[in-house]
Amino acid sequence: MNSHLHTHRGSILELAIFIVLTSLAGTVLAQGSEIITPSFSMDVAPILQQKCQTCHNPDGIGPMPLLTYAQVKPFSALIKDRTGKRMMPPWHNDPTTGIQQFKNDASLSEAQIATLAAWADAGAPEGNPADLPTPIQFPSGGAWQLADQLGPPDLIIKSTPYDVIANGQDQWWTPDVPFTGLNQSRWLRAAEFKPSYPLGKKVVHHGHAVLQPTGGGRPVALARYGVGKSWEIYPEGTGMLVPADGHIAWNLHYFPVGTEGDNDVVEVGLWFYSEGQQPELVTNGESMFRVDGLNGMARGQDILIPPHGYQVLEGTHVLQSPAIIHSFRPHLHMRGKVMTMTAIFPDGRKEVLSQVNKYNHNWQISYIYADEVKPLLPTGTVLQFTSVFDNTANNPINPDPNQWVVFGRRGVDEMSHAWVGITDINEEQYAEAVAERRAFQETLTLE
Amino acid sequence: MMMTKSSPIKYCLLVSLLSILNASGSMAQQIQLSQQIWSAEVIRPSGQPVVPLFDGWFANEDGSKSLCFSFFNLNSEQSLTIPLGADNNLNGADFDAILPTHFDPLPPRYRHKFCVFTVTVAADFGVDETVTWNLTSANQALSVPGHILPAYVMDEPASGGRGDLAPLVKLSADGVGVRGRKGIFSESVISGRVGEPVNLSAWIEHPNEEIWVGWAKHSGPGVVEFDALEYTMSPRQGPAQVQAKFAAAGRYIVRLQTIDSIAAFEFYCCHTNAYYTVDIGD
């Protein structure tokens, strides 16, 4: 089929439905126009392909595939409900506050939501199968997600095997494994954290693979994982130096889900810049910014959320050099609901960079900023993080609103920190980046 | 909800619900902040209550279950005494548990006292049944329900992942050893006199090179001074010891807690409790 026409028709339909649904009278389209009923083939399948099938394919982490009409039709009402409530696709960023341009935006537009609702309300018609978009071949669940872009990893590291338990308390598997495979330091360009498939993808909630260099030195976080965030590609010209010798400190949080299995192994794929190639900017990757820290204590465990109540925590961090922020990934547990990242500039201006206001512990989404809107922050900027915990029955994943909730590592306890993809730069680089940004904005204005 | 009296903490901790206005009109759950409470302000030197906590539960070999209770003293300097009775009880029922009546100030490095006592319930204890610890202090009646929710299950006495193992504790060199939070109790009463040091010992076995040991007054009529409240030691260097002085006559319970590392507390696995009964005469 002609994908251009398809997109055009889809856009018109989505716009029309959106106008109808949002107009006061609801009759704008009807006057002199034919009301178009959305069909699966023409209107719904493209949306699912774009925003849903990455997970909802036979090898994906979604509970059911949503590829064919036969697979999708039984779930039409559920799709309308979940998308209407913005529970699916998982994207918990507040669309009304802060930066809104992301490289990995999984959210549906209002028009797409309206299309799905109208289709469900119309009885979920199939339409003409000839209108279906060309199917996408998704990588198998065990494949490297970045392989299509970058080819196979240059180096793969593995955890030691862990026997997964079916039920019980959260488990933390923390093996120490020698780091081998490099004969000299290399600049890391991308990394992917890959739990086993299918078991590991169900039970590994989050994890870290941190290289502890031989003889000391700053640990190098090669890869960090959370459900919904498995890889990281550093921006062009940005990299992380990986020493050749050391050992990997694995920290794997397993969450029992009723399935057991022996010898589960997590892998991390590493992609390097070419030998001898040195990126201009050196990044630390995702760095932790505590919201639950207190007075320099390793654990400021002053989280105490009352039964059926709320608590707000704040943490502030002063940037000692200019920085570029690439991404924002809040980390809370089951009572976590909101995290806001605000920049307080040296001149006193205050700007919300991002706010996740529908946080869900079951997803650890990294919100990756589009290049043209990445925060460029001068020395002395205060990054302020604010977390809100909801221990009421309104929180759908609250295991027990009658409990007092305190700090802890289990999902039923709480913690609060942000993983921020950040690159420290010098004053000269900052001035250059600001000039480039201004030039880009002026270009936009001229256009 | 367990707060039954109007109080500063009620307003300090509870952030009222308004809404975060969502211009898109989406169905997101909405929270608005009319008050913002920062972490450091929860803790004050004195004048605040003790919060009872439920850490979780674990199954015993005979099918029964044990519920673990702990506490969070919101005072960084003030210890509190809450006598058993109307202000300190379990559901008003007669469970076989030793409730603490003494509550140390907030520990500086970890913020609550983990599992200071357990309540064992029968194998057929239902998921909907609860054992509630009621605790009133600083004019606030607080409570917490313990029950056997799957989400709150705990490893005991060892964790599969991290490999944590509750230390084996004996209260005499050739005595029976016990691991875990249900604890070990001194078989005989230790005697002493007001103001005179009483030596308490525990023989601890653990494969680690170093373990953590903490001592606390659990209950009793007067102040207890320890020559060391907490320390790390090698389990192979001999028994863990402490010297305690009691300020008033009467019966005391001293609580020992030991764990393979203090960091393991926040993983909720696994420590061992030991309880010494001490009678102090004039």
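Residues numbered from 1 in each chain as written. Chains lettered and ligands numbered in written order. Predicted model: local features only at pLDDT ≥ 70, side-chain atom pairs only at ≥ 80, totals over all residues.

Peer 1: Account for the overall build of chain A, naming residues and giving values.
Peer 2: When its secondary structure is counted, chain A shows eight helices and 25 strands. A total of 447 residues make up chain A; the buried ones form 45% of that total. The long-range fraction of contacts in chain A, counting pairs at least 24 apart against all pairs at least 6 apart in sequence, stands at 82%. (Helix = DSSP H or I, 4+ residues; strand = E, 2+ residues; numbered from the N terminus. Buried ≥ 20, exposed ≤ 12 C-beta atoms within 10 Å, placed from the backbone. Contact = placed C-beta atoms within 7 Å.)

Peer 1: An account of the overall build of chain B is needed here, citing residue identities and associated values.
Peer 2: On a plain count of helices and strands, chain B comes out with one helix and 19 strands. Looking at chain B as a whole, 45% of its 282 residues qualify as buried. A separation of at least 24 residues holds for 68% of the contacts in chain B among residues at least 6 apart in sequence.

Peer 1: Quick one: what's the story with the sheet that holds strand β20 (residues 350-356) of chain A, residue by residue and with numbers?
Peer 2: Residue and element names in this part refer to chain A. As summarised here, the arrangement of the five strands in space is β1-β20-β19-β23-β17, forming an open sheet in which the pairing is antiparallel. At either margin of the open sheet sits one strand with a lone partner, and together these are β1 (93-98) and β17 (310-318). For this sheet, the mean inter-axis angle between neighbouring strands, taken without regard to orientation, is 15°. Alignment of β17 against strand β23 (residues 382-390), held across nine bridges, turns out to be antiparallel. By the bridge assignment for β23, Val312 is matched with Val388. (Pairing = 2+ DSSP bridges. Axes fitted to C-alpha atoms, helices over the stretch in contact; angles between N-to-C directions.)

Peer 1: I'd like a description of the packing of helix α4 (residues 76-84) of chain A against helix α5 (residues 110-121) of chain A, backed by residues and values.
Peer 2: Residue and element names in this part refer to chain A. Direction vectors running N to C along α4 and α5 enclose 150°, while the axes themselves pass 9 Å from each other. When the axes of α4 and α5 are compared, the pair comes out roughly antiparallel. α5 is crossed by α4, and the crossing has left-handed handedness. When α4 is examined against α5, the residues Ser76, Ala77, Ile79, Lys80, Thr83 and Gly84 are found in contact with a partner set consisting of Ile113, Leu116, Ala117, Trp119 and Ala120. In terms of residue class, the contact of α4 with α5 is built from seven nonpolar, three polar and one charged. (Parallel < 35°, antiparallel > 145°, perpendicular 65-115°, else oblique. Left-handed = near helix turned anticlockwise from the far one by under 90°. Nonpolar A, V, L, I, M, F, W, Y, C, P; charged D, E, K, R; others polar.)

Peer 1: Could you give me a rundown of the domain arrangement of chain A, with the residues and numbers involved?
Peer 2: Residues and elements named next belong to chain A. Each assigned domain of chain A is listed here: domain 1 (3-131), domain 2 (147-279) and domain 3 (286-432). Here domain 2 and domain 3 have C-alpha centroids that lie 23 Å from each other. On the domain 3 side, the residues contacting the 13 residues of domain 2 number 14 residues. Top element by residues in the side of domain 2 that touches domain 3 is strand β8 (residues 220-226). It accounts for three residues. Residue composition of the side of domain 2 that touches domain 3, by class: five nonpolar, five polar and three charged. (Domains from an automatic or database assignment.)

Peer 1: Just give me the short version of the domain arrangement of chain B, but keep the residues and values in it.
Peer 2: Size of an interface: often given as the accessible area lost when the parts come together. All names here are of chain B. Domain parsing of chain B yields domain 1 (50-152) and domain 2 (168-281). Between the C-alpha centres of domain 1 and domain 2 the distance comes to 20 Å. The interface is formed by 15 residues belonging to domain 1 together with 15 residues belonging to domain 2. At the level of elements, β1 (50-59), β2 (65-73) and β6 (113-121) are the ones that each hand at least two residues to the side of domain 1 that touches domain 2. No other element matches the four residues that β6 contributes to the side of domain 1 that touches domain 2. Tallied by class, residues from the side of domain 1 that touches domain 2 come to seven nonpolar, five polar and three charged.

Peer 1: With reference to specific residues and values, describe the sheet that holds strand β8 (residues 140-146) of chain B.
Peer 2: Residue and element names in this part refer to chain B. The strand order β4-β7-β8 describes an open sheet built from three strands, whose pairing is antiparallel. Bordering the open sheet on either side are β4 (88-90) and β8, each of which pairs with just one other strand. Between one strand axis and the next, the sheet turns by 15° as a mean value, whatever way the strands run. Judged from the seven bridges that link them, strand β7 (residues 131-137) and β8 form a sheet pairing that is antiparallel. Bridging across to β8, Thr132 finds its partner in Pro145.

Peer 1: Break down the nonpolar core for me, citing the residues and quoting the values.
Peer 2: Leu222 and Ala418 of chain A together with Val51, Leu53 and Phe69 of chain B are the most contacted members of the largest nonpolar core, which has 145 residues in total. Non-local contacts of Leu53 of chain B, meaning those with residues more than four positions away in its chain, are made with Trp404 and Val406 of chain A together with Phe69, Ser70, Phe71, Phe72, His112 and Val144 of chain B. Ranked by size, the runner-up nonpolar core spans 19 residues in total, among them Ile113, Ala114, Ala117 and Ala124 of chain A. (Core = buried A, V, L, I, M, F, W, Y, C linked by C-beta atoms within 7 Å.)

Peer 1: I'd love a proper account of unusual backbone geometry, names of residues and values included.
Peer 2: Cis peptide bonds are those with omega within 30 degrees of zero, and the linkage from Glu156 of chain B to Pro157 of chain B qualifies with 0°. By the element assignment, Pro157 of chain B lies in the loop between β8 and β9 (168-170). Phi is positive for His308 of chain A, close to 55°, though the residue is something other than glycine. What makes His308 of chain A partly exposed here is the crowd of 18 C-beta atoms within 10 Å. Backbone geometry places Asn139 of chain B, a non-glycine residue, at a positive phi of 65°. Considering the arrangement of structural elements, one finds Asn139 of chain B in the loop between β7 and β8. Accessibility expressed as a C-beta count within 10 Å gives 12 for Asn139 of chain B, which makes it exposed.

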